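Below are the chains, spelled out letter by letter.
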Amino acid sequence: MDQRMRLDEDPFVPGSFILSVDGIRQSHVDPADPTRLFFEYTRRIGHVIDLVADPGQPIRALHLGGGAFTLARYVAATRPGSEQVVVEIDREQTDFVLERMPLAEPSGISIVFSDARAALSRLERDGEIAFDVIIVDIYIALESPEYVGVRGFFDELVPLLALGGAIVVNVADGRTHIQTHAQRLELGRVVEATLATAPPRVLAGEEVGNIVLVGTDADRIAEWAPAFEQRGPHPAAVDLG
């Protein structure tokens, strides 16, 4: 077994497991109930998945960063018949996860082993486009690749996005919000409007934590903002910029 990776049962959530890589908790999965999203930021991303189309309607989803396939499993469970592409650089990690927690069949999930940015042009060339939601959750340890906050990355997502689709970015950031500001600025260049959602103290820069950025049409952002506050997890705050 790869000593970098551990899959431990969560003592507080029976039947659930936590994937840790190099000692860092990366993903939480309940194989028996994939609709259970335990980490707060995954629940906030789950709201986008819930809102982007009518309940139960199949969608196309692109996941940049696979982890333990928590959100891909959620889409498959809540929107049967969905088509999904997961781009993951770590084949060894994927093998480790899927040997112990296989995907349900048929899953509708295809896996591309590649650096996320390097995969984008290939996806477009292969006709993997018109995604209703693109989820950017790319981390090695606690660091995301520098290119996520650099001009040009989000431009490369636009050709893959369906009309009215949403781009969602998980940002693990410090109190200064350096990464959040950089990534939101670049995201705002390619979509009509953005919002940021997180616990109030995290959004205010008083605590370290995960901030979820959402970019899509202005009407959708205005409609979704109250839903993020109401759906939680609580306490929840939303910033429309």
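Everything in this summary refers to the structure shown in the same document. Since this is a predicted model, take the numbers as computed values, not measurements.

### Overview of the overall build of the protein
Link 1 in the chain: Scanning the protein for helices and strands turns up eight helices and 11 strands.
Link 2 in the chain: Every one of the 241 residues in the protein was classed for burial, and the buried ones make up 52%.
Link 3 in the chain: Restricting to contacts in the protein with at least 6 residues of sequence separation, those with at least 24 account for 65%.
Link 4 in the chain: Accessible surface computed for the protein: about 11,100 Å², of which carbon and sulfur atoms make up 52%.
Link 5 in the chain: Of note, the protein has its 21 positive side-chain charges centred 1 Å away from the centre of its 37 negative side-chain charges.

### Here's the deal with unusual backbone geometry
Link 1 in the chain: At the junction of Glu-105 and Pro-106, the peptide bond is cis and its omega measures out at -10° in the coordinates.
Link 2 in the chain: Here Pro-106 shows up in the loop between α3 (91-100) and β6 (109-113).
Link 3 in the chain: The amide bond that connects Gly-232 to the next residue, Pro-233, takes the cis arrangement and shows omega of 0°.
Link 4 in the chain: Mapped onto the secondary structure, Pro-233 falls in the loop between α8 (218-231) and β11 (237-239).

### Description of the nonpolar core
Most often, soluble globular proteins have nonpolar side chains that are buried together.
Link 1 in the chain: Core analysis: the largest hydrophobic core is formed by 33 residues, its most contacted members being Leu-62, Leu-64, Val-136, Phe-153, Leu-157 and Ile-167.
Link 2 in the chain: Ignoring anything within four residues of it in the chain, the contact list for Val-136 reads Leu-64, Val-148, Phe-153, Leu-157, Ile-167, Val-168, Val-169 and Asn-170.
Link 3 in the chain: Phe-39, Val-133, Val-212 and Trp-224 belong to the second largest nonpolar core, which has 26 residues in total.

### Some points on the sheet that holds strand β1 (residues 5-9)
Link 1 in the chain: One open sheet holds the three strands; their spatial order is β1-β2-β3, and the pairing between them is antiparallel. Looking along the sheet, the strands with just one partner apiece sit at the ends: β1 and β3 (24-29). Going from strand to strand, the sheet's axes swing by 25° on average, the running direction of each strand aside.
Link 2 in the chain: Judged from the five bridges that link them, strand β2 (residues 17-21) and β3 form a sheet pairing that is antiparallel. Within the sheet, the bridge partner assigned to Val-21 lies in β3 and is Ile-24.

### Some thoughts on the packing of aromatic side chains
Aromatic ring pairs are described here by two measures, namely the spacing of the ring centres and the angle between the planes.
Link 1 in the chain: Within this structure, the stated rule accounts for three aromatic pairs.
Link 2 in the chain: Seen in terms of ring centroids, Phe-153 and Phe-154 are 5.2 Å apart; in terms of plane orientation they differ by 65°. Their pairing is edge-to-face.
Link 3 in the chain: Residue classification places Phe-153 among the buried positions, given a relative accessible area of 0%.
Link 4 in the chain: Ring pairing ties together the aromatic residues Phe-38, Phe-39 and Tyr-41, which thus form one cluster.
Link 5 in the chain: Of note, Arg-60 hangs over the ring of Phe-131, and the distance from its end group to the ring centre comes to 4.4 Å.

What counts and what doesn't
- Residues numbered from 1 in each chain as written.
- Predicted model: local features only at pLDDT ≥ 70, side-chain atom pairs only at ≥ 80, totals over all residues.
- Heavy atoms only, no water.
- Helix = DSSP H or I, 4+ residues; strand = E, 2+ residues; numbered from the N terminus.
- Buried < 20%, exposed > 50% of the residue type's maximum accessible area, 1.4 Å probe, protein only.
- Contact = heavy atoms within 4.5 Å.
- Areas by Shrake-Rupley, 256 points an atom, 1.4 Å probe, with all protein chains shown as cover.
- Lys, Arg positive; Asp, Glu negative; His and termini not counted.
- Charge placed at Lys NZ, Arg CZ, Asp CG, Glu CD.
- Core = buried A, V, L, I, M, F, W, Y, C linked by side-chain atoms within 4.5 Å.
- Pairing = 2+ DSSP bridges.
- Axes fitted to C-alpha atoms, helices over the stretch in contact; angles between N-to-C directions.
- Phe/Tyr/Trp six-rings, centres within 6.5 Å; stacked < 30°, edge-to-face > 60°.
- Lys NZ or Arg CZ within 6 Å of the ring centre and 35° of its normal.

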